[in-house]
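Summary of structural features
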Amino acid sequence: MIAAPVRADLWSSGNLLTPAERREEIRLKEARLEALMVARGLDGILLTKARNHAWLLAGSRTWIVGAQAESPVWLLLARGSTGTVAVPSGSAQAGKRYLVASNMEGPRLMAEEGLRGLGWTERRYPWFGGAGGTQDPRRRIVDDVMPRAKLGCDGPVAGTEDIGADLSRIRFPLTATEMRRMRWLGGRSGAAVAAVCREIAPGMRETEIGNLLAAKLAREGLSPTVILVGVDGRLESFRHLVPTDEKLKRLALVNLCAEKWGLVVAVSRLVHFGPLPADLAARMQACATVDATYLRGARPGSTFGGILAEGAEAYAAMGWAEEWRNHHQGGSIGYLERESLLVPDSAETVVEGMALAFNPTLPGVKIEDTILVGPHGPEIMTRVEGWPVRRVVLDGAIWELPDILVRPAGAGSR
């Protein structure tokens, strides 16, 4: 058998941070997991989902099938990894980190993703070891290395406690290096959507527009997790516009969620061919007013329920009192397309360093950007220079929100 040369620097290639920065980011996240274990009285945490792996390991990819939330490997972290908290008496595995993987997956992750150098121990089983069996071989390994342990888990693994909601909470605030990656991802995602809106033409099918966007993302090394495209009358009728063979005439919405390093950003833009109808412009102004209301509310200490209530009042003031009920209004975003949603009476609290993506909609219009909550207000990470803006004044402050791009009627028509 001929072995391919192994490069230990594959993880860091293009990852925007140095190995030392990666180790520090992981240390901070392990400390958050330690605090969670102490609070929940857990001996360890078992992570089965790919995005949670990417979060903990600062961008590592453990998944094979992109459409599946679960990874083929498990990460098991025993309490005591930071050495700053007490561990249960008699715990021989204190501080241990285990990669539980088949012989197909483990070697690559230990070598190319650098897990060996980060202190992880591989526990391997043959890829066929669980075929036709009654128990997942990964679970057998977990029981072997940490017998009778009280474990928290992000998935439905028997005998563990569900900590999925806890993980979404402790992901914020983002670390400085995560913010760096999100800004990079937001800028390129926003630019890709803007470029598509400037290139499409009447006569193109929604599916063609979506494929054009996917191609631009591929050139940047980004993966689309959501591509929605809607044109003309479909925009009036539906909010989640899965691309069809409908052909563009005048109005198109291009909506994207893009992923890299496990992080996700969301952005939507509109383009219209020919003069903008007055009623469409009025709806866009109303949508922008709601969006500005949400952005104004995105300050540390605000609750998700309170932000939604202010948005609902803005909808009503613009003559669309019940419109917020027709589509979710967004929420926190990071390693999921939405970590938590704005829902009535939610006590979820905004913190500095949280990423948010609001998406107010009205028939035919939508605004969506990914923002970072800073000490002096929101930073819009998906904003692109040169895109038209619509101004909204709230409490004397001027908010500039993305407007509908107006292009000449028939430009590039097929």
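In what follows, the accompanying structure is described. What you are looking at is a predicted structure, and each value in this text was computed from that prediction instead of being measured.

Basis of the calculations
Residues numbered from 1 in each chain as written. Predicted model: local features only at pLDDT ≥ 70, side-chain atom pairs only at ≥ 80, totals over all residues. Heavy atoms only, no water. Helix = DSSP H or I, 4+ residues; strand = E, 2+ residues; numbered from the N terminus. Rg over C-alpha atoms; globule rule 2.2 N^0.38 Å. Buried < 20%, exposed > 50% of the residue type's maximum accessible area, 1.4 Å probe, protein only. Contact = heavy atoms within 4.5 Å. Areas by Shrake-Rupley, 256 points an atom, 1.4 Å probe, with all protein chains shown as cover. Lys, Arg positive; Asp, Glu negative; His and termini not counted. Charge placed at Lys NZ, Arg CZ, Asp CG, Glu CD. Disulfide = S-S within 2.5 Å. Phe/Tyr/Trp six-rings, centres within 6.5 Å; stacked < 30°, edge-to-face > 60°. Pairing = 2+ DSSP bridges. Core = buried A, V, L, I, M, F, W, Y, C linked by side-chain atoms within 4.5 Å. Axes fitted to C-alpha atoms, helices over the stretch in contact; angles between N-to-C directions.

1. Quick word on the overall build of the protein
When you go through the protein residue by residue, the secondary structure sums to 10 helices and 19 strands. Computed over the C-alpha atoms, the radius of gyration of the protein is 23 Å, within 12% of the 22 Å expected from 2.2 N^0.38 for a compact globule of 414 residues. Each principal axis of the C-alpha atoms in the protein carries an extent, and together these give about 70 × 50 × 40 Å. In the protein, which comprises 414 residues, the proportion classed as buried is 54%. For the protein, contacts bridging at least 24 residues in sequence account for 66% of all contacts bridging at least 6. As displayed, the protein has an accessible area near 17,500 Å², and 55% of this comes from carbon and sulfur atoms. Counting 50 positive and 47 negative side-chain charges, the protein places the averaged centre of each group 4 Å from the other.

2. So, the state of the cysteines
In a disulfide, the sulfur atoms of two cysteines are covalently bonded to one another. Overall, the coordinates contain zero disulfides when judged by the stated rule. No disulfide involves Cys257; its nearest neighbouring cysteine sulfur is the one of Cys197, lying 15 Å away.

3. Thoughts on the packing of aromatic side chains
Across all of its chains, the model carries three aromatic pairs by this definition. For the ring pair Trp184 and Trp261, a centre distance of 5.3 Å and an interplane angle of 55° mean the geometry is tilted. Placement of Trp184 in helix H6 (residues 176-199) and of Trp261 in the loop between strand E8 (251-260) and strand E9 (263-273) is noted, with a sequence separation of 77 residues between them.

4. Quick look at the sheet that holds strand E11 (residues 340-341)
Spatially, five strands are ordered E11-E10-E12-E15-E16 in an open sheet, and the strand pairing comes out antiparallel. Strand pairing shows two members of the sheet lacking a second neighbour, E11 and strand E16 (377-380), which therefore form its edges. Pairing analysis gives four bridges linking strand E12 (residues 355-358) to strand E15 (residues 369-374), with the strands arranged antiparallel. Its bridge partner being in E15, Phe358 is matched across the sheet by Asp369.

5. Re the nonpolar core
In terms of nonpolar packing, the biggest core is built from 108 residues, with Leu33, Ile200, Leu213, Leu356 and Phe358 touching the most fellow members. Apart from the residues lying within four places of it in its own chain, the contact partners of Ile200 are Ile209, Leu212, Leu248, Ala252, Val271, Phe273 and Arg407. Leu46, Val142, Met146 and Cys153 belong to the second largest nonpolar core, which has 14 residues in total.

6. A short note on the pairing of strand E3 (residues 97-102)
For E3, the buried fraction is high: six of the six residues fall into the buried class. Of the two faces of E3, the one carrying Arg97, Leu99 and Ala101 and the one carrying Tyr98, Val100 and Ser102 are both buried. One ladder, built from four bridges, connects strand E2 (residues 70-78) with E3; its direction is antiparallel. Counted as the bridge partner of Trp74 is Val100 from E3. When E3 meets strand E4 (residues 121-125), the two strands line up parallel, connected through five bridges.

7. Observations concerning the environment of Leu308
As for its position among the elements, Leu308 is in helix H10 (residues 304-317). Assessed through its relative accessible area of 4%, Leu308 is described here as buried. Put simply, Leu308 and Gln68 are 240 residues apart on the chain and 31 Å apart in space, counted from C-alpha to C-alpha. Ignoring any residue separated from it by four or fewer positions in sequence, one finds Leu308 in contact with Tyr294, Trp324, Gln329, Leu342, Val343 and Pro344.

8. Points about the sheet that holds strand E19 (residues 405-407)
Pairing is mixed across the open sheet formed by four strands, whose spatial order is E7-E8-E9-E19. Of all strands in the sheet, those with a lone pairing partner are strand E7 (223-231) and E19, marking the two edges. The sheet shows a mean angle of 20° between the axes of neighbouring strands, taken without regard to direction. Lying on the sheet, H6 is in contact with E8, E9 and E19; it crosses E9 at an angle near 20°.

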